[in-house]
Amino acid sequence: MYNISKWDHVFKLDPNKTISEKDLKDICTSGTDAVMIGGTDGVTFENVTDLQERVEAYNVTCVLEVSDMEAVAPDFDAYFIPMVLNSEDKKWMLDVQHQAVKEYSDMINWTDMLTEGYCVLNPEAKVFQKTSCSLPDQADVLAYARMAEHLFRLPVFYMEYSGTYGDPTLVKEVADVLEETTLVYGGGIRTVQQAVEMAAKADVVVIGNVIYEDIQVALQTVEAVKSTKKKDGGRS
Ligand code: 1GP
């Protein structure tokens, strides 16, 4: 059984990208807390299940971040459901989830599901445009974080900078207002130093694109993040 509040490090694999067997093995046996399968475009049932089968060969927690109902497959350890808090379109907060529950409620095992309150902070990111986000300022972000924790009681608040490195000061400010909700940081980590910097602030650090750009750096982030958390006894 997974428990995200105990995680430090996650690799996010994009089913629409190619990864060699050697790199996949190194990712899955790296000591990361979980491999998350998820992406914004070109996610299909075929490429999700293909990657899932390959990851299942290893003893690592494998979760699906659901972005398209057509691409949901059975037998993941958990299903993470994004709810985009700074979308201007209610569709991405409630309607896609509503439609999915209406259609599939008989097949859903509720204990395997986790809702992520997403705050998308990079206007250049595909997910920002796809989900019609507006760019929140510092006060807005803190308010979304508080809503996630106190109004919606979401297990996860995800600061998503996908493709660009975020603002460590803002991540720290958000960390300081969250007590129960797990703070996940993702976006633009391309060096070990950046992974360490965000690990000192967020609860969980997500490593995405660098897997495909520089596998050695990606692999080094595991130990770097884990030792930062151990030293700090969690977020600073
Ligand atoms: C994307 O937050 C993840 O959803 C990771 O971002 O690909 O920029 O590392 P990067």
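Quick caveat, the model's predicted, so the values are computed rather than measured. (Residues numbered from 1 in each chain as written. Predicted model: local features only at pLDDT ≥ 70, side-chain atom pairs only at ≥ 80, totals over all residues. Heavy atoms only, no water.)

### What about the overall build of the chain?
Across its full length, the chain holds nine helices and eight strands. Rg of the C-alpha trace for the chain: 17 Å, near the compact-globule value of 18 Å for 236 residues, within the 12% margin. Relative to its 236 residues, the chain shows a buried fraction of 53%. In the chain, the proportion of contacts linking residues at least 24 apart, taken out of those at least 6 apart, comes to 69%. Summed over all atoms, the accessible surface of the chain reaches about 11,100 Å², with 50% contributed by carbon and sulfur. Of the charged side chains in the chain, 21 are positive and 39 negative, and the gap between their average positions amounts to 4 Å. (Helix = DSSP H or I, 4+ residues; strand = E, 2+ residues; numbered from the N terminus. Rg over C-alpha atoms; globule rule 2.2 N^0.38 Å. Buried < 20%, exposed > 50% of the residue type's maximum accessible area, 1.4 Å probe, protein only. Contact = heavy atoms within 4.5 Å. Areas by Shrake-Rupley, 256 points an atom, 1.4 Å probe, with all protein chains shown as cover. Lys, Arg positive; Asp, Glu negative; His and termini not counted. Charge placed at Lys NZ, Arg CZ, Asp CG, Glu CD.)

### Some words on the site of the ligand
Surrounding the ligand, one finds Lys 12, Tyr 158, Glu 160, Ser 162, Gly 163, Gly 186, Gly 187, Gly 188, Val 206, Gly 208 and Asn 209. Gly 163 has a polar backbone atom sitting 2.7 Å from an oxygen atom of the ligand. Note that an oxygen atom of the ligand is positioned 2.7 Å from one of the backbone N or O atoms of Gly 188. Protein contacts shield 92% of the accessible area of the ligand, which totals 310 Å² for the unbound molecule. Residue composition of the shell around the ligand, grouped by class: two nonpolar, seven polar and two charged. (Near = heavy atom within 4 Å. Polar contact = N/O pair within 3.5 Å; in protein donor to acceptor, adjacent residues only side chain to side chain. Nonpolar A, V, L, I, M, F, W, Y, C, P; charged D, E, K, R; others polar.)

### Describing the pairing of strand β5 (residues 113-120)
In terms of residue burial, β5 counts as a mostly covered element, since six of its eight residues are buried. Bridge analysis of strand β4 (residues 78-84) against β5 gives six bridges, and the strand direction is parallel. Paired with Tyr 79 across the strands is Met 113, a residue of β5. As a crossover connection, the stretch from β4 through helix α3 (residues 95-104) into β5 is right-handed. Sheet topology note: the β5/strand β6 (residues 156-160) ladder contains five bridges and is parallel. From the neighbouring strand, Val 120 faces β6, where its bridge partner is Glu 160. (Pairing = 2+ DSSP bridges. Right-handed = clockwise from strand over helix to strand, strands pointing away.)

### Some details on the UniProt feature "binding site: sn-glycerol 1-phosphate" (unreviewed entry) in the chain
Here the UniProt feature "binding site: sn-glycerol 1-phosphate" (unreviewed entry) sits at Lys 12, Tyr 158, Met 159, Glu 160, Tyr 161, Ser 162, Gly 163, Gly 188, Gly 208 and Asn 209. Its place among the elements puts Tyr 158 in strand β6. On the basis of relative accessible area, Tyr 158 is assigned to the buried category, the value being 1%. Excluding residues within four positions of it along the chain, Tyr 158 makes contact with Lys 12, Glu 65, Glu 116, Gly 117, Tyr 118, Cys 119, Val 184, Gly 186 and Val 206. With respect to the secondary-structure elements, Gly 163 resides in the loop between β6 and α6 (168-177). Here Gly 163 falls in the partly exposed class, since its relative accessible area comes to 42%. Not counting chain neighbours up to four residues away, the residues in contact with Gly 163 comprise Asn 122, Gly 187, Gly 188 and Arg 190. (UniProt positions renumbered as here; feature names shortened; annotations may be inferred.)

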